[in-house]
Amino acid sequence: MPPIRYLKTGAAPLWVLAPALVLIPLALLLPQLVHGGGWELVGQFAWAALHPCLDPQVLLAQLQGLGTTAGMALLGWAASLVIGLILGIASSRRVWLSWFGSAYPAELLRKLGALPRSIHELLWGLLLLQLLGLHPVVAVAAIAIPFGALVARVISDQLDALPIASLEALSSGGACAPAALLTALGPPLLPQLLSYGGYRLECALRSATLLGVFGLGGLGTDLRLTLQSLNFPELWSGLWLLLLAMVALEALVGLLRRRWAMPQRLALKPARIGRQGLEIISAGLVLLPVLIAAAWALQVSPQDLGKWQQLPPMAPADWPALLALPWPQLIGNTLLLTLLASALAVGVAPLLLLLVAPWPWAQLALRGLWLMGRLWPPPLTALLLLFLLKPGVITAALALGFHNLGILGRLLLEASETNLSGQEALLAAGTPPRMALLYGSFSALARPYLAYGAYRSDVILRESVVVGLVGATGLGSQLLEALSSFAWDQLLALMAVYAVLTLLGEDLSDRARRQLHANSQEAGGAWR
């Protein structure tokens, strides 16, 4: 991470592009990984995109799978919001200081909440699968647990960053602590909560699809089976259905975010606050029966979490075998995978946007590419890459990098479109489109974009477990192997190492964001 003093106006866009330098060593290494035996399969895969299977029975089965995936995502998302709101308030330093005069309980709850969010939802799903068997409640809980911890962290951070002048005025006026907190901090927190909640719903749909890829039901299971059987027309039928669902969800979330989650709009038009409050309450009342219907259709109830199945007897820990694991290699490959995927995602997004700047039709194609990156689960991307490349760290990094490139590219494009003043001024002065984008838009977006890139690298470290099936020889591969063989001692040790690494990565990314932003909460709210 370069010192912030060098991120001046002239150098800022260059630092945005700097991670793309990873393409140079990758270009030198990739020819050694190509085995060339799958070009025909890749051609069939691309051709099937234009000729998906339209058999009514296949489409009906895939629609049912999509409904299962959407239901699991919706239930997991709703549960995570409830968990996150409760834990976020409980772990806010501001709340404890106002209510009890001490922030120590908040610090303790923050540290406890770091563990569940450090474990990827896939690991939660595979662990709960061993305990509860194959049931939709496994996917719901696997989404709700880590997402709830993430939401709690964001809410507590936002609460602690809000101005306290109105809270102090109410407290000095004799208002009780709960009423003062709700009145002073509730309205400014609501827009940020709605915005982040909408983003988490999109993430929940992607996570539910990913869990299905690993056998937890829904459309993801169908996608993996059709890919493994090389039935590309049926695979693309499911992908197009998932694409339509993702586009519809993103459009709906974007509409509601613009309508409800714009603090400046509330500030400029205070008369609309009451009407928007009624709209939000009405939306919640409409959502409640939808959640009940989804739980009934999937036969999901909280009691299912208590129905544990009998597990194989746990053998005593095999300490020699545990110590004999190649820990330096496992950790090193995991960190290398994370760095490669992060550099690809962070650097290639602005590079591609810069290359297509003069051509609107190319920008539209780039939007489609990024949409496919967000849509396509990384394990399926890894399986496709195995048609052409040998398994290993680079193959896994390409799969993770493509997925996160879709997320970062979308956010960068949206941010650049809402920050057009500098770019338009340069264009009006006769500057070429690429230079106008580079110095008119990227200069202003450099710090928040790099800050989000630091956050995203922490996410990629957690996600590295999902590409363990391509033989990346990292912690993810070893962890999945230990889970399949019921080696509980290795499983617990690997999960502990994973948790430590992700917590360290989270701390480093937090420090980087604080360096890149005078107000780190603005960065989180704008880019997460």
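Residues numbered from 1 in each chain as written. Predicted model: local features only at pLDDT ≥ 70, side-chain atom pairs only at ≥ 80, totals over all residues. Heavy atoms only, no water.

Asks: What's the story with unusual backbone geometry in this structure? I'm lost.
Replies: Backbone geometry follows two general trends: most residues other than glycine have a negative phi, and most peptide bonds adopt the trans configuration. Positioned with a positive phi, Leu230 is a non-glycine residue whose angle comes to about 60 degrees. Along the polypeptide, Leu230 turns up in the loop between helix 11 (219-228) and helix 12 (232-260). (Helix = DSSP H or I, 4+ residues; strand = E, 2+ residues; numbered from the N terminus.)

Asks: Sorry, what's going on with the pattern of salt bridges here?
Replies: Where charged atoms from two side chains of opposite charge approach closely, those side chains can pair. This model, assessed by the stated rule, comprises nine salt bridges. Between Glu107 and Arg93 there is a salt bridge, and its shortest N-O distance comes to 2.4 Å. Of the two residues, Glu107 sits in helix 6 (residues 104-118) while Arg93 sits in helix 5 (residues 93-99), which places them 14 residues apart along the sequence. Overall, Glu107 belongs to the partly exposed group, its relative accessible area being 26%. Take Arg93: its relative accessible area is 30%, and that puts it in the partly exposed class. Arg410 is paired through a salt bridge with Glu202; the nearest N and O atoms lie 2.7 Å apart. A residue pair is termed long-range when its members are at least 10 positions apart, and Arg410 in helix 19 (residues 393-417) and Glu202 in helix 10 (residues 177-216) qualify at 208 residues. Both residues of the pair, Arg410 and Glu202, count as buried. Among the charged side chains, a network of salt bridges with common partners joins Glu202, Glu250, Arg374, Arg410 and Glu414. (Salt bridge = Lys/Arg side-chain N within 4 Å of Asp/Glu carboxyl O. Buried < 20%, exposed > 50% of the residue type's maximum accessible area, 1.4 Å probe, protein only.)

Asks: Which parts of the structure should I look at to understand the packing of aromatic side chains?
Replies: Two descriptors summarise a pair of aromatic rings, namely the distance from one centre to the other and the angle between the planes of the rings. One pass over the structure, following the stated rule, counts nine aromatic pairs. Above the face of the Phe147 ring, Arg200 is positioned so that its terminal group lies 4.2 Å from the ring centre. Residue placement shows Arg224 over the ring face of Phe214; its charged tip is 5.8 Å from the ring centre. (Phe/Tyr/Trp six-rings, centres within 6.5 Å; stacked < 30°, edge-to-face > 60°. Lys NZ or Arg CZ within 6 Å of the ring centre and 35° of its normal.)

Geometric descriptors of this kind do not, in isolation, establish any biological role.
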